[in-house]
Amino acid sequence: MEALREQWLILISTPIYIIIIGLEILLTNLHKRESYTVKDMAANVYFMLLNGGLDLAFRIVYLAVLQYFFIHAFYHFQNVFLYWSVLLIAEDFLYYWLHRIDHEVRFFWAVHVTHHSSQKLNFSTGFRSSVFQPLYRFIYFIPLALAGFKPIDIVFMYAATQIWGIFVHTELIRKMGWLEYIFVTPSHHRVHHASNPKYLDKNMGMFLIIWDKMFGTFQPELPDEEYQKIHYGLTKQLEKKNPVNIIFHEWNQMRKDVSRSDISFKEKFKYIFGPPGWSHDGSRLTSDQLREQENKLYNFDEEKTAIKNIIEPAV
């Protein structure tokens, strides 16, 4: 019975996905917005199938690992409602850290970058999966097994929260009122997919936005007149957008960086496990450095405007 839960979830959610994607295509076309292209949507489906296939192939391994820790669990829940409530919150908390490390450590960013490679944001972008993530994602959920949660329930809860995670990939829904204070919303997730410096590596949550607010990674979506229009994708867009390059381009660049003969072992290490964009000579910039650079330019423009207003006589 427990093994059928995830299959049931897929059967229920699949027709809903088809309906909402169809509606989004219709509405965006009516408003003459180029939210979808055939090539981009095909790539999203392709990466989803690769990720799903790898997940199924590797499932027997990660379920066995989680089962081992579940057998040695230090606690077992008696109350069913408490069991599922705590599992939802704890799984979402651990996913936040998984997602954050995917963004802040280049080795894992090389996997996750596939999900951020599209310059479009629509419901189908949620299926643009990080292909190799199933090979290590389960490690983050070992504490759940140790806390007395069944491996099959952990997998089910992850799949359930992923449904919400797919629904927030859209530009059609602007703000969601009081829900913005608790849950990850489309507005929050547009920020997450933006390549604008202020928005980089923000809003990492899948279901609850409270983790970002607690740990300093929250950034609200600002009106265009306050900041600038959102641009999706990478800070440096890919020239070759074939599937192989989308998946492996960061690995290839990492290999080139590490193979340099003019850098130290420590610098080689940082090219692998440092933040994405780190470079020994400043030829590339991290998210924090890009933000700092943008802030300096913004402050300079403000100072220049203020001086101009003082010097120029009022008309």
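Residues numbered from 1 in each chain as written. Predicted model: local features only at pLDDT ≥ 70, side-chain atom pairs only at ≥ 80, totals over all residues. Heavy atoms only, no water.

Participant: How should I be thinking about the pattern of salt bridges in this particular structure?
Facilitator: Charged atoms that come close allow side chains of opposite charge to pair. Scanning the entire structure with this criterion turns up 13 salt bridges. The salt bridge partner of Arg-128 is Asp-40, with a shortest N-O separation of 3.4 Å. Placement of Arg-128 in the loop between α4 (106-112) and α5 (142-146) and of Asp-40 in helix α2 (residues 38-71) is noted, with a sequence separation of 88 residues between them. Of the two residues, Arg-128 and Asp-40, both sit in the buried class. Among the salt bridges present, the one from Asp-257 reaches Arg-106, with a minimum N-O distance of 2.8 Å. Of the two residues, Asp-257 sits in helix α9 (residues 243-258) while Arg-106 sits in helix α4, which places them 151 residues apart along the sequence. (Salt bridge = Lys/Arg side-chain N within 4 Å of Asp/Glu carboxyl O. Helix = DSSP H or I, 4+ residues; strand = E, 2+ residues; numbered from the N terminus. Buried < 20%, exposed > 50% of the residue type's maximum accessible area, 1.4 Å probe, protein only.)

Participant: Would you explain the environment of Val-61 in this entry?
Facilitator: Within the fold, Val-61 resides in helix α2. Each C-alpha atom of the pair Val-61 and Tyr-136 lies 11 Å from the other, and the pair is 75 residues apart in sequence.

Participant: It is not clear to me how the packing of aromatic side chains should be interpreted in this structure. Could you clarify?
Facilitator: Overall, the coordinates contain 31 aromatic pairs when judged by the stated rule. On the numbers, 5.9 Å between centres and 55° between planes, the contact of Phe-58 with Phe-138 is tilted. Taken together, the residues Phe-58 in helix α2 and Phe-138 in the loop between α4 and α5 connect sequence positions 80 residues apart. Given a relative accessible area of 12%, Phe-138 falls into the buried group. Ring geometry for Tyr-95 versus Tyr-158: centroids 6.2 Å apart, planes at 45°, classification tilted. Residue Tyr-95 is found in helix α3 (residues 80-104), and its partner Tyr-158 is found in helix α6 (residues 151-167); the two are separated by 63 residues along the sequence. (Phe/Tyr/Trp six-rings, centres within 6.5 Å; stacked < 30°, edge-to-face > 60°.)

Participant: What exactly am I supposed to notice about unusual backbone geometry here?
Facilitator: With glycine set apart, most residues show a phi of negative sign, and most peptide bonds adopt trans. Of note, the phi angle at Lys-32 is positive, near 55°, even though the residue is not glycine. For Asn-203, which is not glycine, the phi torsion reads 55° and is therefore positive. Checked against the element boundaries, Asn-203 lands in the loop between α7 (186-193) and α8 (210-215). Judged by its relative accessible area of 1%, Asn-203 is buried.

Participant: What should I look at first to understand the nonpolar core in this one?
Facilitator: The tendency in soluble globular proteins is for nonpolar side chains to be buried side by side. Counting 25 residues, the largest nonpolar core has Tyr-62, Leu-87, Phe-141, Leu-144, Phe-149 and Ile-154 as the members making the most contacts within it. When residues of this core are traced back to their parent elements, those giving at least two are α2, α3, α5 and α6. With 5 residues, the top contributor of residues to this core is α3. Excluding its chain neighbours within four sequence positions, the residues that come into contact with Leu-144 are Leu-87, Ala-90, Glu-91, Leu-94, Phe-149 and Ile-154. Core analysis: the next-biggest nonpolar cluster, separate from the first, contains 11 residues, Ile-20, Ile-21, Tyr-36 and Ala-159 among them. (Core = buried A, V, L, I, M, F, W, Y, C linked by side-chain atoms within 4.5 Å. Contact = heavy atoms within 4.5 Å.)

Participant: Explanation requested: the packing of α9 against helix α10 (residues 265-273) in the structure shown.
Facilitator: The description of two packed helices rests on the angle between their axes and on the distance between the axes. In contact at an axis separation of 9 Å, α9 and α10 are set at 175° when each is read in the N-to-C sense. When the axes of α9 and α10 are compared, the pair comes out roughly antiparallel. Within the contact between the two elements, α9 uses Met-254, Asp-257 and Val-258 and α10 uses Lys-268, Tyr-271 and Ile-272. Looking at the contact of α9 with α10 residue by residue, the class counts come to 4 nonpolar, no polar and 2 charged. (Axes fitted to C-alpha atoms, helices over the stretch in contact; angles between N-to-C directions. Parallel < 35°, antiparallel > 145°, perpendicular 65-115°, else oblique. Nonpolar A, V, L, I, M, F, W, Y, C, P; charged D, E, K, R; others polar.)

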